[in-house]
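# Secondary and tertiary structure notes
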Amino acid sequence: MRRRVRRYAWLMGTCLTLFAGSLPVYYLFGVVPAVAMCLIAMVCPPVAVIVANTPDPTDPEDRDTPFGPYAD
């Protein structure tokens, strides 16, 4: 469970950094890099949710896995 929370936090932190950093990039480098950063930031939240909801079969506290040693 902790590993999933850490992965989610890192991905969402990356998303926020990209989104917030796109404004200075816009002023320094132009529209294209800023829009590219926003597009990458737009894709990060769904990926973060998918990664956070993927069960970890090696974690003994993650007992709701449909596979692995704790499968019913």
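Treat the numbers as computed from the prediction; the structure is a model and nothing was measured.

Among the nonpolar cores identified, the biggest contains six residues, and these are Cys15, Leu18, Val25, Met37, Ala41 and Cys44. Contributing elements (two or more residues each) for this core: helix H1 (2-29) and helix H2 (31-53).

Okay, the packing of H1 against H2 next. Two numbers describe how H1 lies on H2: the axes approach to 8 Å, and their chain directions differ by 170 degrees. As far as their axial angle goes, H2 and H1 are roughly antiparallel. Here the residues of the contact of H1 with H2 are counted per class, giving 23 nonpolar, three polar and two charged.

The subject of this paragraph is the packing of aromatic side chains. For the coordinates displayed, the defined rule picks out one aromatic pair. On the numbers, 5.2 Å between centres and 65 degrees between planes, the contact of Tyr26 with Tyr27 is edge-to-face. By relative accessible area, Tyr27 is classed as exposed at 63%.

Each value, and the rule that gives it
- Residues numbered from 1 in each chain as written.
- Predicted model: local features only at pLDDT ≥ 70, side-chain atom pairs only at ≥ 80, totals over all residues.
- Heavy atoms only, no water.
- Core = buried A, V, L, I, M, F, W, Y, C linked by side-chain atoms within 4.5 Å.
- Buried < 20%, exposed > 50% of the residue type's maximum accessible area, 1.4 Å probe, protein only.
- Helix = DSSP H or I, 4+ residues; strand = E, 2+ residues; numbered from the N terminus.
- Axes fitted to C-alpha atoms, helices over the stretch in contact; angles between N-to-C directions.
- Parallel < 35°, antiparallel > 145°, perpendicular 65-115°, else oblique.
- Nonpolar A, V, L, I, M, F, W, Y, C, P; charged D, E, K, R; others polar.
- Phe/Tyr/Trp six-rings, centres within 6.5 Å; stacked < 30°, edge-to-face > 60°.

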